[in-house]
Amino acid sequence: MQKVDLIEGFRNPEHIKALAELIKKEATHKINIMEVCGGHTHTIMKFGLPQILPQTIEFVHGPGCPVCIMPKERINHAIELAKMPNTILATLGDMIRVPGSQTSLQKLRAEGKDIRSLYTPLDVIKIAKENPEKNVIFFAIGFETTTPMTAVLLDTVIKEGIKNIYFHINHVTVPEAVDTIMGDGDAKIDAFLGPSHVSVITGYKIYEPIVEKYNTPVVVAGFEPTDVMESILRIVRQFNTGEKRFVDNEYARAVSREGNIKAQELINKYMKKREHFRWRGIGDIPKSALKLKDEYAAYDAEVKFKQVLPTQELDDHKACICGSILKGLAKPYDCKVFGKACTPSAPMGSCMVSSEGACSAYFKYGKLTAKGA
Amino acid sequence: MCLSIPSKVVEIDENNMATVDTMGVKRQVTLDLIGEPVAVGEYVLIHVGFAMNKIDTEDALESLRIYEEIVAEMNSGAIDPEEGDMNYAKG
Ligand code: SF4
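Along each chain, the written sequence defines residue order, and numbers are assigned to residues from 1. Ligands are numbered from 1 and chains lettered from A, in the order in which they are written. In keeping with the predicted nature of the model, local features appear solely for residues at pLDDT of at least 70, side-chain atom pairs appear and are counted solely at 80 or more, and the whole-chain, interface and lining totals rest on all residues. Processing note: side-chain calculations cover all non-hydrogen atoms of the structure and skip hydrogens and water entirely.

S.K.: I would appreciate a short explanation of the sheet that holds strand E6 (residues 165-171) of chain A in the present structure.
M.R.: Strand pairing in a sheet relies on backbone hydrogen bonds, with the paired strands running either antiparallel or parallel. Residue and element names in this part refer to chain A. By the convention used here, strands pair only if DSSP detects at least 2 bridges between them. Helical segments are the DSSP runs of H or I of at least four residues, strand segments are the runs of E of at least two, and each set is numbered from the N terminus. As summarised here, the arrangement of the 4 strands in space is E4-E3-E5-E6, forming an open sheet in which the pairing is parallel. Strands at the two margins of the open sheet, each flanked by one partner only, are strand E4 (115-118) and E6. For this sheet the average axis-to-axis angle between neighbouring strands, irrespective of direction, equals 20°. Here 7 bridges tie strand E5 (residues 135-142) to E6, and the two strands are oriented parallel to one another. Residue pairing for E6: Ala140 is matched across the bridge by Ile169. In what follows, a contact means two residues having at least one pair of non-hydrogen atoms within 4.5 Å. Lines fitted to C-alpha atoms define the axes here, with helix axes fitted over just the stretch in contact, and angles between the N-to-C directions of these axes take values from 0 to 180 degrees. Against the sheet, helix H4 (residues 72-83) makes contact with strand E3 (87-92), E4, E5 and E6, and its axis sits at roughly 170° relative to E6, the strand it touches most.

The following block contains the structure:
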């Protein structure tokens, strides 16, 4: 059997170059492509794809990552929960670095509060068992990719009869955000790169209504640079071959139309849609997030600790133009405070918050994108 | 945090935990999210301690083979964009 190289094979510079040549030949009209997921933003910038692509292909960087879109009032929730006595707050990723209105989880931790950054949500079980006298609150974040992991955690908590774990759920869903970005008709977006790992869980069927509604292609793309390049070529070819747009799946080695059914069943068992969720940088989006079902309210930190949770909604500074950046109407360089008052270590807006946000990626890889892509 | 890495299953224990090899690094992940049987030697996609699904290595090889073909045609100057070089029937 031929050696399977699932990583280097998809980063081979010769492959990338060859795909770029094809795109150059075929992309005769301007196409603005939004990559919805910050993982793609990262790949595009890290491998310098704008430099080898023709001027006709322009990227619009999407909502980025679950940390980027968390509104300040939700971060303040985490902070107030962590301040409670006898409490351990646990979360994933860069969440602890992001400032709320006064402080960040990282600063609180330096002041002695017990805040854990997890490698996997399953570690919450271990922490709870080692600290039976404390409440362990899992601040759950993520798109559809990490939602089933939270559901497995709750499933385990219930099965094992663990009494000291609570959930603060901030899981958000991609299709509603895309619909909102496209909805007012301003957005200059001609096609979407569909997220890789969200789609692994949900299947690519979730993009079918979007394509139908806006006649805009969605191509689900893997994370490696050849995946992104092949997906761009597929988008170009959709535009070159007729009117009817469709959902295409470049990442067939990992994504099916139906997705991971077991994961979807677990999510549906424990969670339901929220009426509303405010996305940092975008604003309120109906039905774009999940919460625990009422029958699991006993595990819901938003119910159990309601009295400590602030209710005031907090927006970013008015200088921040993340909303326009997300619609393809502006670039990070157009922001007056980019790289000055707003930097990755002191972010003022959602796109600078995590390495997967557009402003942060421009800041880090700025020299690579001198053409102002 | 959304980066996920293809890893090879090297061992599976009675608790449905798998030892996987990710570019030479061994780690433990749970197979609890996968509805179908997983065998040692297969590839899975790992995210925050969970295997999210299996990776179809046949499909991956097919993609790589197509890229090689495009490179070869490029180098021989034979490429004709009109004809299309990628196998769109799949996926
Ligand atoms: S540089 Fe900062 S303030 Fe300006 S748009 Fe980006 S995140 Fe917002």
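S.K.: What should I look at first to understand the domain arrangement of chain A in this one?
M.R.: By a widespread convention, an interface's size corresponds to the accessible area lost as its parts come together. Residues and elements named next belong to chain A. For each domain, the first and last residues come from an automatic or database assignment. Along its sequence, chain A is carved into domain 1 (6-65 + 184-249), domain 2 (72-173 + 259-308) and domain 3 (322-366). Its C-alpha centre places domain 2 at a distance of 27 Å from the equivalent point of domain 3. When residues of domain 2 are sorted by the area they lose upon contact with domain 3, Arg97, Arg280 and Gly281 head the list and together hold 58% of the total. For this analysis, a salt bridge means a side-chain nitrogen from Lys or Arg found within 4 Å of a carboxyl oxygen belonging to Asp or Glu. Run the count over domain 2 and domain 3 and you get 0 salt bridges. Here a polar contact is recorded for every N or O atom pair within 3.5 Å, except that within protein the pair must consist of a potential hydrogen donor and a potential acceptor, and residues adjacent in sequence are included only if both atoms are side-chain atoms. Between domain 2 and domain 3 we count 1 residue pair in polar contact (both at pLDDT 80 or more) in total. Two parts placed together each lose some accessible area under a 1.4 Å probe, and the buried area is that loss summed for both.

S.K.: Sorry, what's going on with the layout of surface pockets here?
M.R.: If you roll a probe as big as a water molecule over the atoms, it shows you where there is empty space left. All names here are of chain A. Using protein atoms alone on a 1 Å grid, points that fit a 1.4 Å probe yet trap it form a cavity, whereas open point sets bounded by protein on both sides within 12 Å along at least five of seven lines form a pocket; residues with an atom within 4 Å of a point count as lining. Grid points are joined across faces, edges and corners, and a volume is the space filled by probe spheres set on the points. Empty space within the largest pocket amounts to approximately 590 Å³. The set of elements that each furnish at least two residues to the lining of the largest pocket consists of H4, strand E11 (276-279), strand E13 (290-292) and helix H13 (301-304). Note on residue classes: Ala, Val, Leu, Ile, Met, Phe, Trp, Tyr, Cys and Pro are nonpolar, Asp, Glu, Lys and Arg are charged, and everything else, Gly too, is polar. The residue makeup of the lining of the largest pocket, split by class, is 7 nonpolar, 4 polar and 13 charged.

S.K.: Would you explain the interface of chain A and chain B in this entry?
M.R.: In this assembly, 52 residues from chain A lie in contact with 44 residues from chain B. Taken as a group, A:Leu6, A:Tyr119 and A:Arg253 account for 13% of the area that chain A buries against chain B, more than any other trio of residues on that side. Where chain A packs against chain B, one counts 0 salt bridges. Our count for the contact surface shared by chain A and chain B stands at 10 residue pairs in polar contact (both at pLDDT 80 or more). Of all elements in the fold, only helix H1 (13-26), helix H7 (147-160), helix H9 (196-202), helix H11 (225-240), strand E9 (247-249) and helix H12 (261-270) of chain A reach the threshold of two or more residues within the side of chain A that touches chain B. Ranked by the residues each element gives to the side of chain A that touches chain B, the list is headed by H1(A), at 8 residues. Class assignment for the residues of the side of chain A that touches chain B results in 26 nonpolar, 11 polar and 15 charged.

S.K.: Help me understand the nonpolar core, please; the structure alone is not making it clear to me.
M.R.: When a protein is soluble and globular, its nonpolar side chains tend to lie buried together. Membership of the largest hydrophobic core comes to 141 residues, with the highest contact counts inside it found for A:Ile23, A:Ile57, A:Leu89, A:Ile165, A:Phe167 and A:Ile232. Those residues in contact with A:Ile57, other than ones at most four positions away along the chain, are A:Ile23, A:Ala27, A:Ile31, A:Ile33, A:Ile232 and A:Val236. In terms of nonpolar packing, the next biggest core, distinct from the first, is built from 10 residues, B:Leu31, B:Val38, B:Ile46 and B:Ala51 among them. What is meant by a nonpolar core is a set of buried Ala, Val, Leu, Ile, Met, Phe, Trp, Tyr and Cys residues, joined one to another through side-chain atoms within 4.5 Å. Throughout this description, buried means an accessible area under 20% of the type-specific maximum (1.4 Å probe, protein chains only), exposed means over 50%, and partly exposed covers the range between.

S.K.: Explain the packing of H1(A) against H11(A) here, please?
M.R.: How two helices sit against one another is set out by the angle between their axes and by the gap between those axes. All names here are of chain A. Running from N to C, H1 and H11 point in directions that differ by 15°, and their axes come no closer than 9 Å. Relative to H11, H1 is oriented roughly parallel. The handedness of the crossing between H1 and H11 comes out as left-handed. Counted together, His15, Ile16, Leu19, Ala20, Leu22, Ile23 and Glu26 of H1 and Pro225, Thr226, Met229, Glu230, Ile232, Leu233, Val236, Arg237 and Asn240 of H11 form the full contact between these two elements. Across the contact of H1 with H11, the residue classes tally to 10 nonpolar, 3 polar and 3 charged. For classification purposes, angles smaller than 35 degrees are called roughly parallel, those larger than 145 roughly antiparallel, those between 65 and 115 roughly perpendicular, and all remaining angles oblique. Note on convention: the crossing is left-handed when the near helix lies turned anticlockwise from the far helix by less than a right angle, right-handed when the turn is clockwise.

S.K.: Honestly, the site of the ligand in this entry has me stumped. Any pointers?
M.R.: Residue and element names in this part refer to chain A. Near the ligand you find Cys320, Ile321, Cys322, Ile325, Cys335, Val337, Phe338, Cys342, Gly349, Cys351, Met352 and Cys359, and these make up its full shell. Each molecule is assigned to a cavity or pocket provided more than half of its atoms lie within 2 Å of the corresponding grid points. Judged by its atoms lying within 2 Å of the grid points, the ligand is housed in the largest cavity. Among the residues making up the shell around the ligand, the classes are represented as 11 nonpolar, 1 polar and no charged. A cutoff of 4 Å decides nearness: a residue is near a molecule or strand if any of its heavy atoms lies inside that distance of it.

S.K.: Which parts of the structure should I look at to understand unusual backbone geometry?
M.R.: Of all residues except glycine, most have a negative phi; of all peptide bonds, most are trans. Residue and element names in this part refer to chain A. In this model, Asn86 sits at a positive phi of 55°, which is unusual for a non-glycine residue. Summarising the element assignment, Asn86 is placed in the loop between H4 and E3. Exposure remark for Asn86: the relative accessible area of 48% places this residue in the partly exposed category. Despite not being glycine, Lys287 has its phi angle at roughly 55°, a positive value. Inspection of the secondary structure puts Lys287 in the loop between strand E12 (283-286) and E13.

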